[in-house]
Amino acid sequence: MDRKDFVRTESFSLRLRPSGARKVTEEFNYVLNGKVEYRKKNSYWGSVLLVKAMELSHQLVGKRKTIEFSKPAYVGERVDSDLLRKKIIDMSYTEWKKMGFSKGTLHYMKQNARSEKPFTLNIHVKERLENWGKQSIC
């Protein structure tokens, strides 16, 4: 979202312009089309919401006595590629420090890179890591 996606009204409140509304709608559709683990299967968020809404309506009209409340596990896109993991593990502290990060951050990132679990990277860290090998080649 950008400033240009909003307009200030006479009462000083903010309203979405059509461009902002499109961005919100696109993001919402992206999330609804995202995968989630539900009942031990990969499903779409939109499908899970539809099932839960039907269960709620059946409970409200007396066709169902209970509603199953389970928290779906979000399956997001991974940004921790094998290449990024290898770069983190292979990087020395002096190289890490040249990129402007602390020793504690390197330790934390190496722990994440060695684990099998997915992890996230701040955008500035990811960009610096992706450019790290390119600078020494040029």
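Residues numbered from 1 in each chain as written. Predicted model: local features only at pLDDT ≥ 70, side-chain atom pairs only at ≥ 80, totals over all residues. Heavy atoms only, no water.

1. Notes on the overall build of the protein
Next up, step 1: When helices and strands are counted, the protein shows six helices and five strands.
Next up, step 2: Beginning at the N terminus, the succession of helices and strands in the protein can be written as β-β-α-β-β-α-β-α-α-α-α.
Next up, step 3: Sequence separation of 24 or more characterises 43% of the internal contacts of the protein that already satisfy a separation of 6 or more. (Helix = DSSP H or I, 4+ residues; strand = E, 2+ residues; numbered from the N terminus. Contact = heavy atoms within 4.5 Å.)

2. Brief notes about the side chain of D5
Next up, step 1: Inspection of the secondary structure assignment puts D5 in the segment before β1 (6–8).
Next up, step 2: D5 gets classed as buried once you look at its relative accessible area, which sits at 1%.
Next up, step 3: Those residues in contact with D5, other than ones at most four positions away along the chain, are R15, L16, R17, S19, G20 and K23. (Buried < 20%, exposed > 50% of the residue type's maximum accessible area, 1.4 Å probe, protein only.)

3. Some thoughts on the pattern of salt bridges
Next up, step 1: Within the structure shown, the criterion is met by five salt bridges.
Next up, step 2: In this structure, the salt-bridge partner of E55 is K52, at a minimum N-O distance of 2.7 Å. Of this pair, E55 and K52 both sit in helix α2 (residues 45–60), separated by three residues, roughly a single helical turn. (Salt bridge = Lys/Arg side-chain N within 4 Å of Asp/Glu carboxyl O.)

4. Remarks on the packing of aromatic side chains
Next up, step 1: Here the structure, examined in full by the defined rule, presents one aromatic pair.
Next up, step 2: Taking NZ or CZ as reference, K35 lies 4.4 Å from the ring centre of Y44, over its face.
Next up, step 3: Lying over the aromatic face of Y93, K103 brings its terminal NZ or CZ to 5.6 Å of the ring centre. (Phe/Tyr/Trp six-rings, centres within 6.5 Å; stacked < 30°, edge-to-face > 60°. Lys NZ or Arg CZ within 6 Å of the ring centre and 35° of its normal.)

5. Some thoughts on the nonpolar core
Next up, step 1: Membership of the largest hydrophobic core comes to 13 residues, with the highest contact counts inside it found for I88, W96, M99, M109, L121, V125 and L129.
Next up, step 2: Element by element, the count of residues in this core is highest for helix α5 (residues 103–114), at three residues. (Core = buried A, V, L, I, M, F, W, Y, C linked by side-chain atoms within 4.5 Å.)

6. What to know about the packing of helix α3 (residues 82–90) against α5
Next up, step 1: Closest axis-to-axis distance for the α3/α5 pair is 9 Å, and the angle between their directions is 135°. As far as their axial angle goes, α5 and α3 are oblique. Considering how the two elements wind past one another, α3 and α5 form a crossing that is left-handed. Contacts between α3 and α5 involve R85, I88 and I89 from the first element and L106, M109, K110, N112, A113 and R114 from the second. (Axes fitted to C-alpha atoms, helices over the stretch in contact; angles between N-to-C directions. Parallel < 35°, antiparallel > 145°, perpendicular 65-115°, else oblique. Left-handed = near helix turned anticlockwise from the far one by under 90°.)

7. Describing the pairing of strand β4 (residues 41–44)
Next up, step 1: Examined bridge by bridge, strand β3 (residues 35–38) and β4 share four bridges and lie antiparallel to one another. Residue pairing in the sheet places Y38 in a bridge with K41 of β4.
Next up, step 2: In this structure, the hairpin formed by β3 and β4 is closed by a connection of two residues, where R39 is found at a positive phi of approximately 55°. (Pairing = 2+ DSSP bridges.)

8. Looking at α2
Next up, step 1: Spanning 16 residues, α2 covers 22 Å between terminal C-alpha atoms, matching the ideal 22 Å at 1.5 Å per step.
Next up, step 2: Turning to α2, its buried residues number three or more, namely W45, V48, K52 and E55. Summarising the axial view, the buried residues of α2 lie within an arc of 90°, below the 170-degree limit, and thus occupy one face.
Next up, step 3: Directly beyond the C-terminal end of α2, a positive phi value near 90° is found at G62. (Expected span 1.5 Å × (residues − 1). Arc of directions from axis to C-beta.)

9. Some words on the environment of L84
Next up, step 1: Take L84: it is sitting in helix α3.
Next up, step 2: With 37 residues separating them in the primary sequence, L84 and L121 have C-alpha atoms 10.0 Å apart.

10. Quick notes on unusual backbone geometry
Next up, step 1: With a phi close to 65°, F12 is a non-glycine residue in the positive phi region.
Next up, step 2: Turning to its location among the elements, F12 is positioned in the loop between β1 and β2 (14–16).
Next up, step 3: Exposure remark for F12: the relative accessible area of 64% places this residue in the exposed category.
Next up, step 4: At R39, a position not held by glycine, the phi torsion is positive, near 55°.
Next up, step 5: Checked against the element boundaries, R39 lands in the loop between β3 and β4.
Next up, step 6: Residue class for R39 comes out partly exposed when judged on its relative accessible area of 42%.

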